[in-house]
Every structure is written in structure tokens, then in C-alpha cells.
Amino acid sequence: MVKDYENLYKQILSIEKELKDKIKSQQKVVKSLCKNMEKGDLKSWTKDRAALQVYLKEEETLLEDMRKQVDEFGIREYVENGDFVEQLLANCDRLEVDVKGDYPIYEMFPFKVRIDIENLDLYLDRKRVQCLRPLAFVQDVKAGRDKLLKAAFYPRIFVRELASAYDLMLLKQNQGKTPTLKEGDIYLRNLYTFLTPMRRFRKDYDLQSFAFDLARLYASDLRTSEDGRQFQFGPSRNNNKAIRILDQDGREQYLATIRFFEKAAPELDFA
């Protein structure tokens, strides 16, 4: 039998509503109880105390019903039998969240998601997330993606940094000598390593963040650096060398290399 967290959630919601109503009534009794003690009306106080005990027993019963519902659902079995992952991917499709990968590691661009089946935990990038409701998790991923998309991005500054790293890579490839070639295709992954030489830098700006910035640059109209050089991205036969991004239309693209080059001067026609 397929387990669906949404069915469990609906069952718990009905109990929650009843519990909230009980607590609301209980709070009124507590207020009356305190007021009667203040006034010295011990007869009314005794009635309030008895009524409060009834509410507490009813609330305890409702909490026990909740526990039984969750136990009968079986969270561990729900995760281990694949129902959780199936509903996670279905919600990605419904909410238009790009997802790629294989259990237990997925890429929900620009985030990485890992399922820790042993501890029943989810990891969004490096952050542990306590959420086993697929719909809620995917909604959070989408909200995080939308927040990143709204964040300020300055393509010219990003290109300037890429160009600087590119030039340093050329010098390194020529062992510090003046390069005979001033241009060539360089792997973006190598540039990322150059931009984040220390481990703590990569923690604050991981490869997924770099891919997200590449995607925003790819979607922009900018194709020239501040020094006048043009740049273009290139593919690779080996996708392990490439960085996966989504373009402005949500289609996946694989960017492997970048090349900065001088724009060729137009040939003069003296005819």
C-alpha cells in the first residue's frame, strides 16, 4: 500500500483543530480560575478546577490519537520503501523545480539535496533540514531558488573576475613566462578552483553557487569584458568536466570551458 504524507497530514489536521478548540476553551477556564481565586470565590474556583481537569484529559487523549496516527503511518518505512522519494520528485514536477540525479543524491538547481535514510534526515547543500513532507520541502527549495534569482547580480563584475582568473591560468600553464598564446579554452571548473583557492572560500561559495552565477551570466546579453575582449563558453565531450546550468527558458545546458579573445578587426576592401 502506497503511503502518502498528505493523507497523514489531513488526518492530523482534523485532530489539531479539535485540540486547538480545547486549548482555547481551557484558556478561558484558566482565566476564570485565577479570577475566582483572586476574588475568593472558592465555589466557582472548585468548578473551574474540575472543568480544567476534564480539558486536560481530553487533550491528552487527542495527543495520543496523534501519536497513533504517526506510528501507524510509519515514517521509516515511508522513506525506505521509496514512497517519499517518489512524492518528492512528483512535487518537483508539479511545482516546476528542476531536478536531476539518482537516489539518494539529487540536484535541484541550484541546490544539492541528499537523503540520509539511516537518520531520516534531508540535506539541502550542507544544511540538515528536518522535513519529511515532500510538498513542504519542494516549496522551500522553490522559495530559496526564487530568492536567489531576485538577489542582485552584476555581470560585468563577475566577468572581470573570470577574466582575471583566466589570465592567471594562462600564465600558470606557461610556467610563469609570457604566454605565446594569449587565448585558449580553459575549463570553468579550473577557474572555480582558482577563484576559491582555500577551503573556507569554497564553503562560502560552492560549485553550485558558481554554476548559478554562470547561469545568470549566460542569460544576460553581456559577451564582452571591460578590457574589450569577447568571451564565449564551450562544451566538452566529457560531461564530467562540464558544469550544468539552466538557461533563461529552464532548459539545461552544459558549460565546460570559457575563452576570452580579441575581436578580429574587419578586413578592408580596397576594390
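Relevant structure appears above.
Presented here is a report on the structure given in the accompanying data block. (Residues numbered from 1 in each chain as written. Predicted model: local features only at pLDDT ≥ 70, side-chain atom pairs only at ≥ 80, totals over all residues. Heavy atoms only, no water.)

1. Considerations on the packing of helix H6 (residues 155-173) against helix H7 (residues 188-195)
The relative placement of two packed helices is expressed as an angle between their axes plus a distance between the axes.
Alright, step 1. It is the contact of H6 with H7, at a shortest axis distance of 9 Å, that shows an interaxial angle of 100 degrees. Between H6 and H7, the crossing angle belongs to the class labelled roughly perpendicular. Residues Glu161, Leu162, Ala165, Tyr166, Leu168, Met169 and Lys172 of H6 pack against Asn190, Leu191, Phe194 and Leu195 of H7.
Alright, step 2. Class assignment of the residues belonging to the contact of H6 with H7 gives a composition of eight nonpolar, one polar and two charged. (Axes fitted to C-alpha atoms, helices over the stretch in contact; angles between N-to-C directions. Helix = DSSP H or I, 4+ residues; strand = E, 2+ residues; numbered from the N terminus. Parallel < 35°, antiparallel > 145°, perpendicular 65-115°, else oblique. Contact = heavy atoms within 4.5 Å. Nonpolar A, V, L, I, M, F, W, Y, C, P; charged D, E, K, R; others polar.)

2. Quick look at the packing of H6 against helix H9 (residues 207-219)
Alright, step 1. Packing of H6 against H9 brings their axes to within 10 Å, and their N-to-C directions diverge by 120 degrees. In terms of their interaxial angle, H6 and H9 are classed as oblique. Of the two possible hands of crossing, H6 and H9 adopt the one that is left-handed. Every residue of H9 that contacts H6 at Pro155, Phe158, Val159 and Leu162 is listed here: Phe210, Asp213, Leu214 and Leu217. (Left-handed = near helix turned anticlockwise from the far one by under 90°.)

3. Here we look at the sheet that holds strand E5 (residues 127-129)
Alright, step 1. In space, the five strands of this open sheet follow the order E1-E2-E3-E4-E5, with antiparallel pairing throughout. Strand pairing shows two members of the sheet lacking a second neighbour, strand E1 (100-102) and E5, which therefore form its edges. Strand after strand, the sheet turns through a mean of 20 degrees between neighbouring axes, direction not considered.
Alright, step 2. Of the pairings in the sheet, the one linking strand E3 (residues 111-116) to strand E4 (residues 121-124) comprises four bridges and is antiparallel in character. Bridge pairing in E4 places Ile115 opposite Leu122.
Alright, step 3. Packing of helix H4 (residues 83-94) onto the sheet brings it into contact with strand E2 (105-108), E3 and E4, and relative to E2 it is tilted by some 15 degrees. (Pairing = 2+ DSSP bridges.)

4. What about the sheet that holds strand E6 (residues 186-187)?
Alright, step 1. Across the sheet, which stays open at both edges, the three strands sit in the order E6-E10-E7 with antiparallel pairing between neighbours. In this open sheet, the two edge strands, each paired with only one partner strand, are E6 and strand E7 (230-234).
Alright, step 2. One ladder, built from five bridges, connects E7 with strand E10 (residues 257-261); its direction is antiparallel. Bridging from a neighbouring strand, Gly234 pairs with Thr257 of E10.

5. A look at the nonpolar core
Alright, step 1. Counting residues in each nonpolar core, the largest one holds 31 residues, and the members touching the most others are Phe84, Val97, Met108 and Phe137.
Alright, step 2. When contributions to this core are tallied by element, the ones reaching two or more residues are helix H1 (5-39), helix H2 (42-73), helix H3 (75-80), H4, E2, E3 and helix H5 (134-150).
Alright, step 3. When residues no more than four places from it in sequence are discounted, the contact partners of Val97 are Cys92, Met108, Val138, Val141, Lys142 and Arg145.
Alright, step 4. Counting 28 residues, the second largest nonpolar core, distinct from the first, contains Val159, Ala163, Tyr166 and Ile243. (Core = buried A, V, L, I, M, F, W, Y, C linked by side-chain atoms within 4.5 Å. Buried < 20%, exposed > 50% of the residue type's maximum accessible area, 1.4 Å probe, protein only.)

6. Looking at H6
Alright, step 1. The terminal C-alpha atoms of H6, which comprises 19 residues, lie 27 Å apart, in line with the 27 Å expected from a rise of 1.5 Å per residue.
Alright, step 2. Buried within H6 we find Phe158, Val159, Leu162, Ala163, Ala165, Tyr166, Met169 and Leu170.
Alright, step 3. Tucked inside the fold, the buried residues of H6 contact E6, H7, H9, E7 and E10.
Alright, step 4. Gln175, located one to two residues past H6, shows a positive phi value of around 55 degrees. (Expected span 1.5 Å × (residues − 1).)

7. A few points about the packing of aromatic side chains
Alright, step 1. What the rule picks out here adds up to 14 aromatic pairs.
Alright, step 2. Ring centres 6.5 Å apart and planes at 40 degrees place the aromatic pair Tyr5 and Tyr78 in the tilted group. Of this pair, Tyr5 sits in helix H1 while Tyr78 is found in helix H3, placing the two residues 73 residues apart along the sequence.
Alright, step 3. The structure contains a cluster of three or more aromatic residues connected by ring pairs, namely Phe153, Phe158, Tyr192, Tyr205 and Phe210.
Alright, step 4. Positioned over the ring face of Phe73 is Lys3, at 5.5 Å from the centre of the ring. (Phe/Tyr/Trp six-rings, centres within 6.5 Å; stacked < 30°, edge-to-face > 60°. Lys NZ or Arg CZ within 6 Å of the ring centre and 35° of its normal.)

8. A closer look at the side chain of Gln26
Alright, step 1. When you line up the elements, Gln26 lands in helix H1.
Alright, step 2. If we ignore the near neighbours within four places in the chain, the residues touching Gln26 are Leu52, Tyr55, Leu56 and Glu59.

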